[in-house]
Amino acid sequence: MSKLKVLVARAVFPEVIAKLEQHFDVTSNPADEPWSRAQLIGKMQGMTGVFTTGAERIDKELLAECPQLKICANMAVGYNNFDVDAMTAQGVLATNAPDVLTETTADFGFALLMATARRMTESEHYLRAGKWQRWSYDMFAGSDVHGATLGILGMGRIGQGIARRGAYGFGMKVIYHNRSRLDAATEGACKAAYVSKEELLKTSDHLVLVLPYSASSHHAIGAAEIAQMKPSANLINIARGGIVDDAALAAALRDRRIAGAGLDVFEGEPKVHPDLLTLPNVVLTPHIASATLPTRLAMANLAADNLIGFLTQGKPLTPLNPAVLTARP
Ligand code: 8YV
């Protein structure tokens, strides 16, 4: 029997490709060529499964061109690149890569918070530019992290990881807002108190965004929300571009309406709003919150194991639309 065909849209670990090749006829992209959407659709012809990253948009239009497709496995916990309803309607399984990146991403969120609060990249640029001539009492004075109020918007697994780091490691007062309130045991384990979004905006010294992107979270932080924050506050976004109105944030940072921002994700990335690039009080990183090799390997393996589990035994590990499984003939 000939093997099912699987497409891997971006370059990933060779050992993950080798594992997939044990089961499937794999077309991969070892040169990591940037495929246009038309090229992606072309490459997907005849494919039963596709291994995607957050960059490949799987929507109704693409699905209509790929009637043989049965599964899209995302190497990302976020899946706003998938139209899950359209996939379910066409009987295509969607899977993501949760859990394996939780602690690594929470580490990075905390690192970005600290770098922003203590003005680490701004001061490093100053030093590298040869501007450091002498000590002065208020040079690059930042804001304290220990004992400050840590606000978290979006209290899923990664948000909880950041809460634990703040509460146990830095004695922070942790408050959060989420679509639904956590149970008392989880709140207790995170030492986190549930507050309204308004209270969160008004009282956080450091506000970290970890909510998923959807139409309802688009520009959840815009000019009106930033206006409610303390002038001394810092805003950290490790969630998705589009949750923050980057133009409004750049204007607020320029006018010092808040102290600083740390951004790992951007609207329209890899493009970055040009105003953000010129501001000193923002730490900018290129969407690397999950980027350690062990974690990226675990994410790639989970995406591959979803393809293998589903296509060889009907048993994916982390399905997003399990209704597709029961609806199968
Ligand atoms: C991914 C991420 O590396 O998992 C996510 O949702 O944002 C990152 O960890 C990125 O989406 C590429 O797949």
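So, the overall build of the chain
For step 1, the next point in the chain: Each helix and strand in the chain was counted, giving 14 helices and twelve strands.
For step 2, the next point in the chain: Over its C-alpha trace the chain gives a radius of gyration of 22 Å, about what one expects of a compact globule, namely 20 Å for 329 residues.
For step 3, the next point in the chain: Relative to its 329 residues, the chain shows a buried fraction of 49%.
For step 4, the next point in the chain: The contacts of the chain with a sequence gap of at least 6 include a subset with a gap of at least 24, amounting to 61%.

Digging into the sheet that holds strand E4 (residues 71-74)
For step 1, the next point in the chain: One open sheet accounts for five strands, arranged E2-E1-E3-E4-E5; its pairing is parallel. The open sheet has two free edges, formed respectively by strand E2 (25-27) and strand E5 (93-95), since each of these has just one partner strand. Strand-to-strand twist of the sheet, defined as the mean angle between neighbouring strand axes without regard to direction, takes the value 15°.
For step 2, the next point in the chain: Direction of pairing for strand E3 (residues 49-52) relative to E4: parallel, over a ladder of four bridges. Counterpart to Gly49 in the pairing with E4 is Ile71.
For step 3, the next point in the chain: Running over the sheet, helix H1 (residues 14-21) touches strand E1 (5-8), E2 and E3 and is turned about 145° from E2.

Some thoughts on the sheet that holds strand E9 (residues 206-209)
For step 1, the next point in the chain: The sheet built from seven strands is open, its strands ordered E8-E7-E6-E9-E10-E11-E12 with parallel pairing. Each of the sheet's edge strands pairs with one partner strand only, and the pair in question is strand E8 (192-194) and strand E12 (282-284). For this sheet, the mean inter-axis angle between neighbouring strands, taken without regard to orientation, is 20°.
For step 2, the next point in the chain: Relative to strand E7 (residues 173-177), strand E6 (residues 149-153) runs parallel, the two being bridged by five bridges. Looking at the pairing, Thr149 lines up with Lys173 of E7.
For step 3, the next point in the chain: Strands in contact with helix H11 (residues 246-254) are strand E10 (234-237), strand E11 (260-263) and E12; relative to E11, the strand with the most contacts, it is inclined by about 145°.

Re the state of the cysteines
For step 1, the next point in the chain: Across all of its chains, the model carries zero disulfides by this definition.
For step 2, the next point in the chain: Just so you know, Cys72 is unpaired, no disulfide at all, and the nearest cysteine sulfur is the one on Cys66, 8.3 Å from it.
For step 3, the next point in the chain: Residue classification places Cys72 among the buried positions, given a relative accessible area of 0%.

Analysis parameters
Residues numbered from 1 in each chain as written. Predicted model: local features only at pLDDT ≥ 70, side-chain atom pairs only at ≥ 80, totals over all residues. Heavy atoms only, no water. Helix = DSSP H or I, 4+ residues; strand = E, 2+ residues; numbered from the N terminus. Rg over C-alpha atoms; globule rule 2.2 N^0.38 Å. Buried < 20%, exposed > 50% of the residue type's maximum accessible area, 1.4 Å probe, protein only. Contact = heavy atoms within 4.5 Å. Pairing = 2+ DSSP bridges. Axes fitted to C-alpha atoms, helices over the stretch in contact; angles between N-to-C directions. Disulfide = S-S within 2.5 Å.

These figures capture arrangement, not role.
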